[in-house]
Each structure stands twice: as structure tokens, then as C-alpha cells.
Amino acid sequence: MRLTRFTDVALRVLMRLAVVESEDPPTTREVAATMQVPYTHAAKVVARLQHLGLVEARRGRGGGLSLTAAGRSASIGGLVRELEGPGDVVECEGATPCPLRSACRLRNALRAASEAFYTSLDPLTVAELVSSPTGPLLIGISSRPPAEG
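Small disclaimer: the values here were computed from a predicted structure and weren't measured.

### Overview of the overall build of the protein
Across its full length, the protein holds 8 helices and 2 strands. In the protein, the order of α-helices and β-strands from amino to carboxyl end is α-α-α-β-β-α-α-α-α-α. Burial analysis of the protein (149 residues in total) assigns 32% to the buried set. Partitioning the contacts of the protein with sequence separation of at least 6, the portion at a separation of at least 24 is 68%. Taken as a whole, the protein presents about 9300 Å² of accessible surface, with 56% of it coming from carbon and sulfur.

### Structural notes on the packing of helix α1 (residues 5-18) against helix α5 (residues 76-84)
The geometry of α1 relative to α5 is characterised by a closest axis approach of 9 Å and an angle of 140° between their N-to-C directions. The orientation of α1 with respect to α5, classified from their angle, is oblique. Handedness of the α1/α5 crossing: right-handed. Taking contact as the criterion, the partners of F6, T7, A10, L11 and L14 in α1 are, on α5, I76, L79, V80, L83 and E84. Class assignment for the residues of the contact of α1 with α5 results in 8 nonpolar, 1 polar and 1 charged.

### Some thoughts on α5
Among the residues making up α5, those that are buried are I76, G77, L79, V80, L83 and E84. Buried residues in α5, looked at end-on, bunch into an arc of 165°, giving them a common side. In the core, the buried residues of α5 are packed alongside α1, α3 (39-51), α6 (106-121) and α7 (126-129). The backbone nitrogen of G77 lies 3.3 Å from a side-chain oxygen of the residue at the head of α5, namely S75.

### Things to note about the confidence of the model for the protein
Summary statistics for the protein give a mean pLDDT of 85 and a share of 87% for residues scoring 70 or more. Counted against residues more than four places away or in other chains, residues 144-149, with its pLDDT under 50, gives 5 contacts.

### Describing the layout of surface pockets
To find leftover empty space, a probe the size of one water molecule is rolled over the atoms. Space inside the largest pocket adds up to approximately 240 Å³. Taken together, 14 residues line the largest pocket, and the ones lying closest to its centre are T28, A57, R58, R59 and L65. Sorting the residues of the lining of the largest pocket by element identifies α2 (28-35), α3, β1 (55-58) and β2 (64-67) as the ones contributing at least two each. Broken down by element, the lining of the largest pocket gets its largest block of residues, 5 residues, from α3.

Cut-offs used in this document
- Residues numbered from 1 in each chain as written.
- Predicted model: local features only at pLDDT ≥ 70, side-chain atom pairs only at ≥ 80, totals over all residues.
- Heavy atoms only, no water.
- Helix = DSSP H or I, 4+ residues; strand = E, 2+ residues; numbered from the N terminus.
- Buried < 20%, exposed > 50% of the residue type's maximum accessible area, 1.4 Å probe, protein only.
- Contact = heavy atoms within 4.5 Å.
- Areas by Shrake-Rupley, 256 points an atom, 1.4 Å probe, with all protein chains shown as cover.
- Axes fitted to C-alpha atoms, helices over the stretch in contact; angles between N-to-C directions.
- Parallel < 35°, antiparallel > 145°, perpendicular 65-115°, else oblique.
- Left-handed = near helix turned anticlockwise from the far one by under 90°.
- Nonpolar A, V, L, I, M, F, W, Y, C, P; charged D, E, K, R; others polar.
- Arc of directions from axis to C-beta.
- Polar contact = N/O pair within 3.5 Å; in protein donor to acceptor, adjacent residues only side chain to side chain.
- pLDDT = per-residue confidence, 0-100.
- 1 Å grid on protein atoms, 1.4 Å probe; cavity = no way out; pocket = protein on both sides within 12 Å on 5 of 7 lines; lining within 4 Å.
- Points joined across faces, edges and corners; volume = space filled by probe spheres on them.

This is how it looks when you write it as C-alpha cells:
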């Protein structure tokens, strides 16, 4: 199974925000730069995470992004299910339906495998994703350069 780019970026944004220790929260643009993703993509991800109640975004001076308590304790399996949306691993219907769809065992086997994948992620939380050695590495790569000027 392969996650969409959107889900990948969402998980990385949550991980980045989980290690923010300063009173100066990062902006979407700073998180995008740190995670090496396009700003527009990061902005869409942040908007979705904010809608889900996992991220708080404040505008203006002193604004920035922060992880909510729900975001810190969010199940990775539940989050991936939500972001990936419903659907099968293979496309059996659609414009050119598979001729085997009425008697195929592959679709059910892949559905079970997909659910096993999500189930294995269910007990893992965002906070657990950033335990050592990941958290210290994230802190190191996300340190802001000194202000110029």
C-alpha cells in the first residue's frame, strides 16, 4: 500500500509541530520549508488538519501553528484512514470495470490487507512518532536561522 502525498505531508507536519518547544510557533511557510514541501501543498494540508481539530493556526503577529491536544494523541491509523478516504486498493469498477469483479477473491484479500495495515497503525500516536531518535532530529532540522538585520 502506498500513501498519497497529501497524507505523507500531513504526517510530517504533525510530527514537526509535535516537537515545537518555543513560544514562537512556526508559520505554515516555515513548516513547508523545513519539511521540504511546496507551500501551497502545506497550506492545504494545514487547513485540513485544522478542520479536523488537530492543528491550531493563529494569524498575525505572534501567530503560527501549534498542535492541539487532540493532534498530539491522534491515532496514526485513524488519521491515515481519514486522510486517505474510503476506497479499495484496486479499481474494480469505474469506466472499464474488471470482468472478474463478480467472482474475484483478490479485491477482498486486498481490502483485508489494507485494513490490517491501518490496524497496525491504530495504537501509534503522533506523540509516539517523535520519540527518540526522531524528535531530536526534527528539532535539529527545524531550528530557525538567526534573524537578519
